[in-house]
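Spelled out, the chains give:
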Amino acid sequence: MAKRRRRKQNSNLPKWVLSAFAAAAVVLSVITFGGDMIGIDTSFVQECMNFIDRILYGGPTSPAPTLPASGELKVYVIDVGQGESILITTEENSLLIDAGENDKGDEVLDFIKQLGLTELDYVLATHPDSDHIGGMDTVLENIDVPGGVFFGEMPDDLIPTTKTYEDVLDVIEEKNIPLFTAAAGDTIDLGSGAVLTVLGPVDPQAADNKNNTSLVTRLDFGESSFLFNGDQEEDMEEMLVQSGADLDCDVMTMGHHGSSTSSSQEYLDAVTPEYASISCGRGNQYGHPHDETIEKLEAMGVEYYRTDLDGNITFTSDGETISVRTEKP
Ligand SMILES: [Zn+2]
């Protein structure tokens with residue numbers, strides 16, 4: 001295994017110490033920047049508050065910071081049949097979330113190369129099921145990923161022993177690709193003002209199946225926001241809502257291919273998406289997306305797209321407005 005990033009530990013410092021730190025930080029900020037009360041550097045204070053949030057709660061509870069957006073952000077929901085693969089590009093960086101089934105690696109790779117990308121900055125695996133990491137070994141073998149691969153934390157009894165999983169780990173080791181364990185509160189800077197923040201799982205050890213180990217991430221770019229749900233089910237959705245994480249987003253990928261085991265009404269009410277994407281295969285054996293999910297989206301007036309009917313789905317944001325284009329009209 002390559003290097004692993006250590007999980008941030010919660011501190012046992014009493015709250016008054018942290019309050020004192022916050023007060024000192026504000027005072028320092030005023031002194032350092034020479035401002036009066038009006039001139040306090042609010043971004044610095046916000047950074048301090050976020051820092052304290054992380055120590056106290058292990059993750060950001062305040063809304064994600066809004067950085068100035070430059071250029072265009074693209075989120076491609078790639079049609080990989082029954083599975084999921086999502087590519088994010090900014091003018092500076094690229095990040096791939098999942099790579100579909102074992103036989104879809106070449107298609108994902110072609111998609112990446114057709115965009116003119118010669119490397120991926122980052123790859124993130126939501127969870128180690130074959131419909132998400134099956135094609136990842138092919139992608140990693142054929143394109144460099146200097147920023148590394150991110151997996152989530154898994155309880156010991158859920159760590160897979162499958163060939164699919166071993167294949168991915170083997171190529172990571174062979175090519176000496178940096179390997180990280182991502183956890184709630186971690187962020188990946190995608191440049192141009194785009195930041196990906198890991199929101200879940202809130203408690204990876206509480207996962208009772210592989211779907212519930214899914215890394216859930218939000219992407220902020222100016223005023224635009226996206227929520228990527230992997231295959232997390234209702235239990236984990238509820239924990240996310242309870243955690244106070246900032247879930248409100250413009251676009252969400254429907255959890256677990258639109259299955260009724262995900263996308264509780266409570267969760268959808270917290271996200272209130274304008275657009276949704278469903279990654280599923282035409283005529284798949286699971287009946288994804290389930291009618292219950294579609295009914296909820298329609299009742300909420302969400303504009304949704306499905307890879308089985310629409311092919312590749314492309315969301316484009318200039319930091320203010322989002323436009324959608326589908327491969328099939
Ligand atoms: Zn899946």
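Predicted, not measured: the structure shown is a model, and the values here were computed from it. (Residues numbered from 1 in each chain as written. Predicted model: local features only at pLDDT ≥ 70, side-chain atom pairs only at ≥ 80, totals over all residues.)

Asks: Before we go on, may I ask you to explain the overall build of the chain in this structure?
Replies: If you tally the helices and strands in the chain, you get 10 helices and 15 strands. By residue count, 43% of the 329 residues in the chain fall in the buried class. (Helix = DSSP H or I, 4+ residues; strand = E, 2+ residues; numbered from the N terminus. Buried ≥ 20, exposed ≤ 12 C-beta atoms within 10 Å, placed from the backbone.)

Asks: Can you walk me through the nonpolar core in this structure?
Replies: A general tendency of soluble globular proteins is for nonpolar side chains to be buried together. If you look at the biggest cluster of nonpolar residues, it comprises 71 residues, and the most contacted ones within it are Ile 86, Leu 95 and Val 123. Dropping the residues within four chain positions of it, Leu 95 is found in contact with Ile 88, Asp 121, Tyr 122, Leu 124, Ile 188, Leu 190 and Leu 196. (Core = buried A, V, L, I, M, F, W, Y, C linked by C-beta atoms within 7 Å. Contact = placed C-beta atoms within 7 Å.)

Asks: Help me understand helix H9 (residues 291-299), please; the structure alone is not making it clear to me.
Replies: The periodicity of an α-helix, 3.6 residues per turn, causes residues three or four places apart in sequence to face the same way. Listing the buried residues of H9 in full gives Thr 293, Lys 296 and Leu 297. Down the axis of H9, the smallest arc covering the buried residues is 95°, so these residues share one side. Within H9, the exposed residues directed more than 90 degrees away from the buried face are Asp 291, Glu 295, Glu 298 and Ala 299. Looking at the buried side of H9, the elements it contacts are helix H8 (265-271), strand E12 (275-278) and strand E13 (303-306). Of the residues flanking the end of H9, it is Gly 301, one or two places downstream, whose phi is positive at about 70°. (Arc of directions from axis to C-beta.)

Asks: Is there a simple way to think about helix H6 (residues 163-174) in this case?
Replies: Taking 1.5 Å of rise per residue, 12 residues should cover 16 Å, and H6 covers 16 Å from first to last C-alpha, within 8% of that figure. Within the span of H6, buried status applies to Tyr 165, Val 168 and Ile 172. Relative to the axis of H6, the buried residues are bounded by an arc of 65° and lie together on one face. For H6, the exposed residues lying more than 90 degrees away from the buried face are Lys 163, Glu 166, Glu 173 and Glu 174. Buried-residue contacts for H6 involve helix H4 (130-133), helix H5 (136-142), strand E5 (149-152) and strand E6 (179-182). Of the residues flanking the end of H6, it is Asn 176, one or two places downstream, whose phi is positive at about 55°. (Expected span 1.5 Å × (residues − 1).)

Asks: Just checking my understanding: could you explain the environment of Pro 68 for this structure?
Replies: Its location among the elements puts Pro 68 in the loop between helix H2 (42-57) and strand E1 (73-77). The sequence separation of Pro 68 and Gly 222 amounts to 154 residues, and the corresponding C-alpha distance is 5.7 Å.

Asks: Help me out: how do you make sense of the sheet that holds E12 in this one?
Replies: Backbone hydrogen bonds hold the strands of a sheet together, and the pairing may be parallel or antiparallel. If you walk across this open sheet you meet the seven strands as E7-E8-E9-E10-E11-E12-E13, and the pairing is mixed. The open sheet has two free edges, formed respectively by strand E7 (187-189) and E13, since each of these has just one partner strand. Each adjacent strand pair in this sheet contributes to an overall mean axis angle of 15°, direction not counted. Both strand E11 (residues 251-253) and E12 contribute to a ladder of three bridges, which runs parallel. Residue pairing across strands places Met 252 opposite Ala 276, the latter belonging to E12. (Pairing = 2+ DSSP bridges. Axes fitted to C-alpha atoms, helices over the stretch in contact; angles between N-to-C directions.)

Asks: I would appreciate a short explanation of the sheet that holds strand E2 (residues 86-89) in the present structure.
Replies: Taken together, eight strands build an open sheet; the order of strands is E6-E5-E4-E3-E2-E1-E14-E15 and the sheet is mixed. Edge positions in the sheet fall to E6 and strand E15 (322-326), since each of these pairs with one other strand and no more. For this sheet the average axis-to-axis angle between neighbouring strands, irrespective of direction, equals 20°. As judged from the two bridges shared by strand E4 (residues 122-124) and E5, these two strands associate in the parallel manner. Across the sheet, the residue bridging to Leu 124 is Phe 150, located in E5.

Asks: Teacher, can you tell me more about the confidence of the model for the chain here?
Replies: Low-confidence regions, as indicated by low pLDDT, have predicted coordinates that should not be scrutinised in detail. For the chain, the average pLDDT comes to 86, and 80% of its residues sit at 70 or higher. Between residues 1-63, whose pLDDT stays under 50, and residues either more than four places distant or in other chains, the model counts 65 contacts. (pLDDT = per-residue confidence, 0-100.)

Asks: How do you make sense of the pairing of E1 when you look at a structure like this?
Replies: Side-chain direction in a regular strand flips from residue to residue, so the side chains alternate between the two faces of the sheet. Of all five residues in E1, four are buried; the element is thus mostly enclosed. As defined by bridge partners, E1 adjoins strand E14 (residues 313-317) across five bridges and the pair is classed as antiparallel. Residue Tyr 76 lies in a different strand from E14, and its bridge partner there is Thr 314.

Asks: Got a minute to help me understand unusual backbone geometry in this structure?
Replies: The bulk of non-glycine residues show a negative phi, and the bulk of peptide bonds are trans. Residues Gly 200 and Pro 201 are joined by a peptide bond in cis, for which omega reads 5°. In this fold, Pro 201 is placed in the loop between strand E8 (194-200) and strand E9 (216-221). In the segment running from His 288 into Pro 289, the intervening peptide bond is cis, with an omega of -5°. Inspection of the secondary structure assignment puts Pro 289 in the loop between E12 and H9.

Asks: So what exactly am I meant to see when it comes to the pairing of E13 here?
Replies: When E12 meets E13, the two strands line up parallel, connected through four bridges. Paired with Ala 276 across the strands is Tyr 304, a residue of E13. In this fold, the crossover linking E12 to E13 by way of H9 has right-handed handedness. (Right-handed = clockwise from strand over helix to strand, strands pointing away.)

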